[in-house]
Each structure stands twice: as structure tokens, then as C-alpha cells.
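Okay, here's what each chain looks like letter by letter:
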Amino acid sequence: MASQPPVHEPTPTPTPTSQRRQFLGRLPLPERSYLADALRTETVGGVLLLVAAVVALVWANVWPDAYQSVLNYTVGPSAPLHLDLTLGTWAKDGLLTVFFFVAGIELKREFVAGELRNPRAAMLPVIAAVCGVVLPAVLYTVVNAGPGGHPSGWAVPTATDIAFALGVLAVVGSHLPSALRAFLLTLAVVDDLIAILIIAVFYSSGIKFWALGLAFAGLALFWFLHRRGVHGWYLFVPLAFVIWALMHESGVHATVAGVAMGLMLRCHREGDEKHSPGEHIEHLVRPISAGVAVPVFALFAAGVGISGSALREVFTQSAPFGIVLGLVVGKSVGVFGGTWLTARFTRAELNPQLKWADMFAVSVLAGIGFTVSLLIDELAFPDDPALADRAKAAVLVGSLICALAATVLLKLRNRHYRELCEEEDRDLDGDGIPDVYQLDDPAWQARMAARAQPAEAPAQHTEAQPTEDRPTEARPTETQHTDPGPTRPAVEHRDEGRGTAP
């Protein structure tokens, strides 16, 4: 009888015998599909962000006068809402509103359909994000507590840039498993919420309550029209611009309007909807945010002079050194320590396919704080352009150190990550659903058994034929004649099975 070719089945995640909750486990299939779509766009945007940052640095150092003239070029009407802004301000206050609008939708979706909908599951990334904000701020404050310090920049090293982090992963070719990517994305979403709260509370001044009241009225109208099922970009885009302009005039940072509108969208499905309105709008706007808004902002924000003296000042002056220390040490230790302590005290159990070293590598990657850090930098030092430029250089240096360190740590485990990703994506029966989600499905088991059955049938027929139709003494001759027969179908079956062992 021909031997049956083995079918390679995905290894199921071990089920703990205790009642301890597992974290960084396999994502539900809908969440995994959404994550793959979102991270695909963010990865492309991250590469564009890296390119824009390099172009800005070259432009600002080779043609500094041309860079500054473009950055300070003023466009827009001066009345009635003082929108005669420089291109740099339009990028900072205008384009980043699109970025925070998408962040608001992500946050709303996380609360109603993602990791944050379950308080026990949400506890770990939320505490990790909070610790990843608090510790960098504390380190910066300690460094700048003495004479000559600049305590107003405490919030600069507190943000994680998910697009930049994914761009680094794309460049170095790291196969990070979906559970770690989901943790990084959830961490960044909570991080963005904390950042916008910091901006609204600590970096808003000269509040004009009439403009703020009208902005809230516009937000109420936005919510009402959306809940009534009114559609049409030609209605919502002008309304969103008016809300943004009023928020900008009020003295509250204009990006707060983006988050508020994102949070108002409905992100749960009703009836036979395939996608909620929030998911649909996010799918349309995310490429604009990741591919246009953030890279253009980086082009106008990352252009700082790089020289030996400037790099020396990054490590010798209190404000820039506090930023570097906050990003490299504060974010890494804060995120990892918050995760480990939460897991320990909630008796959560790490996915056995991963190690704490993987969690530490992701924590180091979270130290890449580019977009929001550059934004807070300009808000923290509005009256000292030279200090703001040194702080920007510190953000770039700190993010580069974290990117290089995370690359080394992830590369050490990249082979294991590749195996996990291949297992997550394997689809032997070609039905479009990864096999790891069908291990307990009788229909999938039947399909896999049917794939192996044709190789066994010819062998059974060959052995039975001499007994029923031929004399017994002819069996050796017949066996010798028919032995090659079953061998060919078995080989063909192995060639046809995708991913099967030979």
C-alpha cells in the first residue's frame, strides 16, 4: 500500500489548564482582517514619512534659506477668523487634524469593537500606554528641574508614532506577528488620546469662549446629521472645515476638532451592514492621512540644521537631553514595565509562542515619537526657535536610536516571527480563511481528509485485485507489474498540496 502523504496542520495555540487570562494571543478573524488592512496603509504611509523626513533634513541643510522662505510663506484670509497662516502652521494645525480625525475613529472603534471594549483586555495596553507617557515626562522633568532647565517641554517625549514604527518594520523587513502589531496599534491609539488631552489642557491659551461655543454647536450639528443618516461629503466636509476654523480661533488647538469628530462617528454595525459608517469613512480617509497629511507635516516640521555642534548640544543641554532620555529609556521601560506589572498583578499569561523579550523589543519600538512629538515641540517652545530646533533634533536622534535598537532586537527573533506569520496565513484548502481559525471545524477536517484519500484508494485496489480476479500464483508477477501504478498518484498529490510535507 502506498503511504499516505502527511498533511501539515497548523499548530494550535496551547490552551492553559488554569483560568489565567492569556494576552498577546491570536486575534479574532474580523479583528485580524481589519488590522491587516489598517496596517497595510500605515506601513506605506510610514515609508513616505521616512522619505519626507530625509528630504526635509537635506533641504534644510543644503538650501536653508529656501526651506525657511517656503515654511514661512503666508496664505489664507485674515478675516473673519484669522486664517492667514504660514504653510508650516497649515501643516501643523490643518493637516494634522486629518491625522487626529483618523485617530479619533480608531479610538471609537477600539472602544466598541476592538481591544478596548473588554475592560479586562483593555487594562493591559491602557496601563502600558499610561506608564509610557508618565515615565518619559518624569525623566524629562528631573533633567530640567535645575537652573537653566526648560520644564515646559515635559510632554515632547511622551508620544508614540505608529506610522514611523511601521515604516521601520517595512524597511528592515521584520515579520512581526499580528498580536504584537495589534498591541502596538492599540498602544498608539491610547497614546494619541493622551497626547490630544495634554495639548488641549496644557498647550491651549487665550480661550475665546464665543468661538469655542460655536465650535461645540457645529460638533452637535455634525453628530445630529450623522445619527439621522444624512450622507454626502459635500455637506460634511464644509461643516468640518467650519468646526476646525472655529476651534482654531478659540485658542484650543485645532487638532482637538479632528478627534472630536472622529469620536462622534458610529463604529458599530447595524442590520445587514458590512461596514459601519466609521469604518467606511476611516477606509476612505486613512490613505489621505497616512499618505499625504503626515508626510507633508514631516516635510515642514523635520527640517533642522544638523552639525557637529548641534548634535553635541543634544546631549549636553538639559531640554534636548531630557527628550532623548525620555524616548529611549522612558518609553521603553515605561511600556515594558507597565505591561509586565499589569500581567503579574492580574495573573494574565503571555502567549506561549512569544517571550517577554518580544514584548521588550516592541516597547523599544514604541520609543519612536516623531509626528506628535514634533507637534508638541512647537507648542512647548513658541518663543524660542533655536531651542525648538534643538528639541526637534533631539526627537530625531531619540527616534533613530530607538529604531536601530528595535531593529537589532527584532532581527534576533525574525526567523521565529516568520514561522508564526506563515502559520497565521496558511490556507491549505484555499477557502480564503487561514487554517488556524478552522482547526475545530468538522467541515475543514473533512476537506483535509478528502485531500489525502485519493492517494490511498489505488493502493487498496491493487492489493485486492490478485485475490479476486487472478490466480494466487500470479500475484508476484502482477504485483511487480502494478507496483509503479500507485506511486505516481501519490507523488502528484504531494505536488498539488500547498504547504504539505514531501
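Residues numbered from 1 in each chain as written. Predicted model: local features only at pLDDT ≥ 70, side-chain atom pairs only at ≥ 80, totals over all residues. Heavy atoms only, no water.

### Side note on the nonpolar core
Phase 1 of the analysis: Within the largest apolar cluster, 124 residues are counted, with the highest numbers of intra-cluster contacts made by Leu24, Phe183, Phe222, Met261, Ile323, Ile368 and Phe370.
Phase 2 of the analysis: In terms of residues, this core owes the most to one element, helix H6 (residues 178-202), which gives 14 residues.
Phase 3 of the analysis: Apart from the residues within four sequence positions on either side, Phe183 is in contact with Leu24, Leu124, Pro125, Ala128, Val335, Thr339, Met359 and Val362. (Core = buried A, V, L, I, M, F, W, Y, C linked by side-chain atoms within 4.5 Å. Buried < 20%, exposed > 50% of the residue type's maximum accessible area, 1.4 Å probe, protein only. Helix = DSSP H or I, 4+ residues; strand = E, 2+ residues; numbered from the N terminus. Contact = heavy atoms within 4.5 Å.)

### Here we look at the pattern of salt bridges
A side chain of one charge can pair with a side chain of the opposite charge when the charged atoms of the two come close.
Phase 1 of the analysis: If you walk through the whole model with that rule in mind, you get nine salt bridges.
Phase 2 of the analysis: For Lys208, the salt bridge goes to Glu249, with nearest N and O atoms at 2.8 Å. Highlighted residues: Lys208 in the loop between H6 and helix H7 (209-227) and Glu249 in helix H8 (residues 233-250), separated in sequence by 41 residues.
Phase 3 of the analysis: Of the residues examined, Glu249 reaches a relative accessible area of 7% and is grouped as buried. (Salt bridge = Lys/Arg side-chain N within 4 Å of Asp/Glu carboxyl O.)

### A look at the packing of aromatic side chains
Phase 1 of the analysis: Taken as a whole, this structure holds nine aromatic pairs when the rule is applied.
Phase 2 of the analysis: Seen in terms of ring centroids, Trp59 and Tyr67 are 5.2 Å apart; in terms of plane orientation they differ by 85°. Their pairing is edge-to-face.
Phase 3 of the analysis: With a relative accessible area of 21%, Trp59 lands in the partly exposed category.
Phase 4 of the analysis: The exposure class assigned to Tyr67 is buried, which follows from its relative accessible area of 1%.
Phase 5 of the analysis: The rings of Trp90, Phe241 and Trp244 are connected pair by pair, giving a single aromatic cluster. (Phe/Tyr/Trp six-rings, centres within 6.5 Å; stacked < 30°, edge-to-face > 60°.)

### Quick look at the confidence of the model for the protein chain
Phase 1 of the analysis: Residue-level pLDDT values for the protein chain average 79, and 81% of them are 70 or greater.
Phase 2 of the analysis: Contacts of residues 1-18 to residues separated by more than four positions or lying in other chains number 41 contacts, the stretch itself having pLDDT below 50.
Phase 3 of the analysis: Per-residue pLDDT stays below 50 along residues 459-502; that stretch engages in 33 contacts with residues further than four places along the chain or on separate chains. (pLDDT = per-residue confidence, 0-100.)

### Some remarks on the side chain of Thr339
Phase 1 of the analysis: Along the polypeptide, Thr339 turns up in helix H12 (residues 318-345).
Phase 2 of the analysis: We classify Thr339 as buried; its relative accessible area is 0%.
Phase 3 of the analysis: Thr339 has contacts with Phe23, Leu124, Ala128, Phe183, Trp356 and Met359, leaving out every residue within four places of it along the chain.

### Concerning empty space enclosed by the protein
Phase 1 of the analysis: Evaluation of the coordinates by the stated rule reveals six cavities of 30 Å³ or more.
Phase 2 of the analysis: Within this model, the largest cavity holds a volume of roughly 130 Å³.
Phase 3 of the analysis: Here the lining of the largest cavity gets three residues from one element, more than from any other, and that element is helix H16 (residues 414-425).
Phase 4 of the analysis: Looking at the lining of the largest cavity residue by residue, the classes come out as six nonpolar, four polar and three charged.
Phase 5 of the analysis: The computed volume of the second largest cavity comes to approximately 90 Å³.
Phase 6 of the analysis: Lining the second largest cavity we find Glu42, Phe99, Val102, Ala103, Glu106, Ile162, Ala163, Asp192, Arg286, Ser289, Ala290 and Val294.
Phase 7 of the analysis: The set of elements that each furnish at least two residues to the lining of the second largest cavity consists of helix H3 (87-112), helix H5 (162-172) and helix H10 (277-301).
Phase 8 of the analysis: Looking at the lining of the second largest cavity residue by residue, the class counts come to seven nonpolar, one polar and four charged. (1 Å grid on protein atoms, 1.4 Å probe; cavity = no way out; pocket = protein on both sides within 12 Å on 5 of 7 lines; lining within 4 Å. Points joined across faces, edges and corners; volume = space filled by probe spheres on them. Nonpolar A, V, L, I, M, F, W, Y, C, P; charged D, E, K, R; others polar.)

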